[in-house]
Amino acid sequence: MSDSKSTDLIHHPYQAPGDFESPVVPVCKGSTVYFPNMAALRQRQWVDKSAYTYGLHGTPTTFTLEARLATLEGAQHVLLAPSGLSAITVVNMGLLKAGDTLLLPDNVYNPSKDFARHEMAAWGIGHRLYDAMQPESLAQALDETVKLVWLEAPGSVTLEFPDLPALVRTVREKAPQAVIALDNTWGAGLAFDAFALGEGLGVDLTIHALTKYPSGGGDVLMGSVACRDTALYEKLAWTHSRLGLGVGANDVELVLRNLPSLPLRYAAQDAAARRIAAWAQTQPQVARVLHPALPDSPGHAHWAALCRAAAGLLTLEMDPRFSAAQVDSFVDGLQRFRIGWSWGGPVSLAVPYQGGAMRKLGSPYRGTLVRLCIGLEAVDDLIADLAAGLARLDGR
Ligand SMILES: *Cc1c(COP(=O)(O)O)cnc(C)c1O
């Protein structure tokens with residue numbers, strides 16, 4: 001021991017043996033990463049993930065989550081972002097420049113539209129909306145300025161399931177210069193294979209809100225971008241790095257911890273949502289139930305042709321005789337369903353939306369919609385809660 005305990009506590013000679021193994025991935029923290037010498041500092045590479053250079057560029061913990069997500073998605077490369085929305089915005093910023101156009105389905109996750117309307121527009125990047133249920137509408141929106149086409153399946157809130165192979169084929173034929181990106185949060189890498197939609201057909205990249213099913217706890221915000229092509233990955237990785245996007249090691253730990261139970265949770269929430277959807281269809285206060293596995297839900301045939309599963313979301317199109325205020329009090333009165341954004345956690349959630357105001361290209365939905373995300377409670381308790389709420393709506 002030297003005289004200086006402060007120095008010794010920092011530059012301590014003890015090295016724990018390196019062969020510790022347990023089911024848990026170590027939480028490696030560090031902004032600074034040490035280099036053994038200057039040659040290492042000059043040579044080390046983070047873009048190909050062959051080494052560590054700086055906390056923002058990856059740690060064993062983040063590289064491990066990225067590798068597991070790549071397996072889940074059938075991709076080669078994954079980047080982590082601080083939220084699902086930031087995964088969307090880093091793709092837009094990485095792939096578009098002034099004069100380019102991006103296309104969004106009219107039923108896309110709404111903040112994605114807002115980003116295009118505000119930031120992208122201010123930077124001279126145009127956007128157009130298309131009707132995802134009409135491949136012809138996408139074909140008409142394509143021209144040589146389109147460099148990025150977003151897909152989402154199913155649509156946000158209204159859950160229409162598009163003909164993904166037809167949409168991808170349309171872009172490949174009419175706008176081969178465009179990158180095709182899919183928001184695959186609903187599918188979670190489990191419902192269908194985004195990179196293998198058919199013979200030689202797949203999207204170029206996907207994003208996920210890991211906030212939802214992969215986290216599973218309602219307590220983490222994180223996103224991911226996944227792709228197969230190395231050049232596309234490197235382009236996005238440099239943008240990601242220049243934007244300074246990082247994720248916290250403890251949040252990565254939570255996602256790593258919950259990932260092994262993802263298929264089980266997803267299957268349970270899928271089964272529960274289908275039971276609730278089938279029950280809700282028989283209720284006189286509900287005009288229609290939107291859930292892609294129901295035969296009369298928009299795009300059911302496309303869902304059936306592509307998917308193995310259906311997540312835990314459904315939307316009730318309430319009978320138009322109920323006012324928005326009445327539907328608000330139906331939601332207020334629910335006991336098990338809490339009111340809140342997001343989904344994928346253990347707690348069931350309900351949020352009302354005005355059907356007619358949802359879409360720019362015209363909405364086929366009348367009255368008020370109630371989006372339900374099903375958690376992990378006993379299904380009978382959730383049905384009893386909804387049944388009591390519907391009875392109150394009818395003044396019973
Ligand atoms: C929640 C969600 C996002 C955004 O994720 P955040 O982590 O909340 O930013 C993006 N797309 C879809 C489809 C989502 O459901």
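What counts and how
Residues numbered from 1 in each chain as written. Predicted model: local features only at pLDDT ≥ 70, side-chain atom pairs only at ≥ 80, totals over all residues. Heavy atoms only, no water. Axes fitted to C-alpha atoms, helices over the stretch in contact; angles between N-to-C directions. Helix = DSSP H or I, 4+ residues; strand = E, 2+ residues; numbered from the N terminus. Parallel < 35°, antiparallel > 145°, perpendicular 65-115°, else oblique. Contact = heavy atoms within 4.5 Å. Nonpolar A, V, L, I, M, F, W, Y, C, P; charged D, E, K, R; others polar. Pairing = 2+ DSSP bridges. Expected span 1.5 Å × (residues − 1). Buried < 20%, exposed > 50% of the residue type's maximum accessible area, 1.4 Å probe, protein only. Right-handed = clockwise from strand over helix to strand, strands pointing away. 1 Å grid on protein atoms, 1.4 Å probe; cavity = no way out; pocket = protein on both sides within 12 Å on 5 of 7 lines; lining within 4 Å. Points joined across faces, edges and corners; volume = space filled by probe spheres on them. Domains from an automatic or database assignment. Phe/Tyr/Trp six-rings, centres within 6.5 Å; stacked < 30°, edge-to-face > 60°. Lys NZ or Arg CZ within 6 Å of the ring centre and 35° of its normal. UniProt positions renumbered as here; feature names shortened; annotations may be inferred. Near = heavy atom within 4 Å. Polar contact = N/O pair within 3.5 Å; in protein donor to acceptor, adjacent residues only side chain to side chain. Areas by Shrake-Rupley, 256 points an atom, 1.4 Å probe, with all protein chains shown as cover. Sits in = over half its atoms within 2 Å of the grid points.

**A short note on the packing of helix α4 (residues 84-95) against helix α8 (residues 230-243)**
- Between α4 and α8, the shortest axis-to-axis distance is 9 Å and the interhelical angle comes to 110°. Regarding the angle of α4 to α8, the classification is roughly perpendicular. Residues Val 90, Val 91, Met 93, Gly 94 and Leu 95 of α4 form the contact with α8, whose participating residues are Leu 232, Lys 235, Leu 236, Thr 239, His 240 and Leu 243.
- Of the residues belonging to the contact of α4 with α8, the class tally is 7 nonpolar, 3 polar and 1 charged.

**Comments concerning the sheet that holds strand β4 (residues 146-152)**
- Spatially, 7 strands are ordered β1-β7-β6-β5-β4-β2-β3 in an open sheet, and the strand pairing comes out mixed. The outermost strands of the open sheet, each flanked by one partner alone, are β1 (77-81) and β3 (126-130). This sheet shows a mean twist of 20° between the axes of neighbouring strands, independent of strand direction.
- Summarising the sheet, β4 and strand β5 (residues 179-183) pair through 5 bridges and their orientation is parallel. Within the sheet, the bridge partner assigned to Leu 151 lies in β5 and is Leu 182.
- Together, β1, β6 (205-209) and β7 (223-227) form the strand contacts of α8, whose direction differs from that of β1 by roughly 20°.

**Considerations on α4**
- Between its first and last C-alpha, α4 extends 17 Å over 12 residues, near the 16 Å set by a 1.5 Å rise per residue.
- Taken across its 12 residues, α4 has 10 buried, putting it largely inside the fold.
- Taken together, the buried positions of α4 are occupied by Gly 84, Ser 86, Ala 87, Ile 88, Thr 89, Val 90, Val 91, Asn 92, Gly 94 and Leu 95.

**Observations concerning the pairing of β3**
- Taken together, the 5 bridges between strand β2 (residues 101-105) and β3 define a ladder with parallel strand orientation. Residue pairing in the sheet places Pro 105 in a bridge with Tyr 130 of β3.
- Handedness of the crossover joining β2 and β3 through helix α5 (residues 110-122) is recorded here as right-handed.

**Considerations on the layout of surface pockets**
- Of the voids in this model, the largest pocket is the one considered here, and its volume is about 690 Å³.
- Around the largest pocket, the lining is made up of 34 residues, and of these Tyr 109, Asn 110, Pro 111, Ser 156 and Lys 212 lie nearest the centre.
- Secondary structure elements with two or more residues in the lining of the largest pocket: α4, α5 and β6.
- The dominant element in the lining of the largest pocket, judged by the number of residues it contributes, is α5, at 4 residues.
- Of the residues belonging to the lining of the largest pocket, the class tally is 18 nonpolar, 8 polar and 8 charged.
- A domain-level breakdown of the lining of the largest pocket finds at least three residues from each of domain 1 (38-260) and domain 2 (262-393).
- Taken as a whole, the second largest pocket holds about 300 Å³ of empty space.

**Digging into the packing of aromatic side chains**
- Under the counting rule described, the total for this entry stands at 8 aromatic pairs.
- Taking 5.3 Å as the distance between ring centres and 25° as the angle between the ring planes, the aromatic pair formed by Tyr 52 and Phe 63 counts as stacked. Placement of Tyr 52 in the loop between α2 (38-43) and α3 (60-73) and of Phe 63 in helix α3 is noted, with a sequence separation of 11 residues between them.
- Overall, the relative accessible area of 30% leaves Tyr 52 in the partly exposed class.
- Each ring, one from Phe 115 and one from Trp 123, has its centre 6.2 Å from the other, and the planes form 80°; the classification is edge-to-face.
- Overall, the relative accessible area of 42% leaves Trp 123 in the partly exposed class.
- Each residue in the set Phe 161, Trp 186 and Phe 192 is aromatic and connected to the rest through ring pairs, giving one cluster.
- Over the aromatic face of Trp 343 sits the side chain of Lys 212, whose NZ or CZ is 4.7 Å from the ring centroid.

**Some thoughts on the UniProt feature "modified residue: N6-(pyridoxal phosphate)lysine" (unreviewed entry) in the protein chain**
- Following the UniProt record, the feature "modified residue: N6-(pyridoxal phosphate)lysine" (unreviewed entry) maps to Lys 212 here.
- Along the chain, Lys 212 turns up in the loop between β6 and β7.
- Among the residues examined, Lys 212 registers a relative accessible area of 10% and is labelled buried.
- Those residues within four positions of Lys 212 in sequence are excluded, and the remaining contacts are Thr 185, Ser 342, Trp 343 and Gly 344.

**Digging into empty space enclosed by the protein**
- Using the criterion set out here, one finds 1 cavity of 30 Å³ or more in the structure.
- Reported here for the largest cavity is a volume of approximately 50 Å³.
- Lining the largest cavity are Leu 69, Ala 70, Leu 72, Glu 73, Val 78, His 208, Leu 210, Ser 224 and Ala 226.
- Those elements giving two or more residues to the lining of the largest cavity turn out to be α3 and β7.
- Looking at the lining of the largest cavity residue by residue, the class counts come to 6 nonpolar, 2 polar and 1 charged.

**Points about the site of the ligand**
- The full set of residues close to the ligand is Ser 83, Gly 84, Leu 85, Tyr 109, Glu 152, Asp 183, Thr 185, Ala 209, Thr 211, Lys 212 and Trp 343.
- Between the ligand and Gly 84 there is a distance of 2.8 Å, counted from an oxygen atom to a backbone nitrogen or oxygen.
- Interatomic distance of 2.8 Å between a backbone N/O atom of Leu 85 and an oxygen atom of the ligand.
- When the ligand is considered free in solution it has 380 Å² of accessible area, and contact with the protein chains removes 88% of it.
- Of all the cavities here, the one that holds the ligand is the largest pocket.

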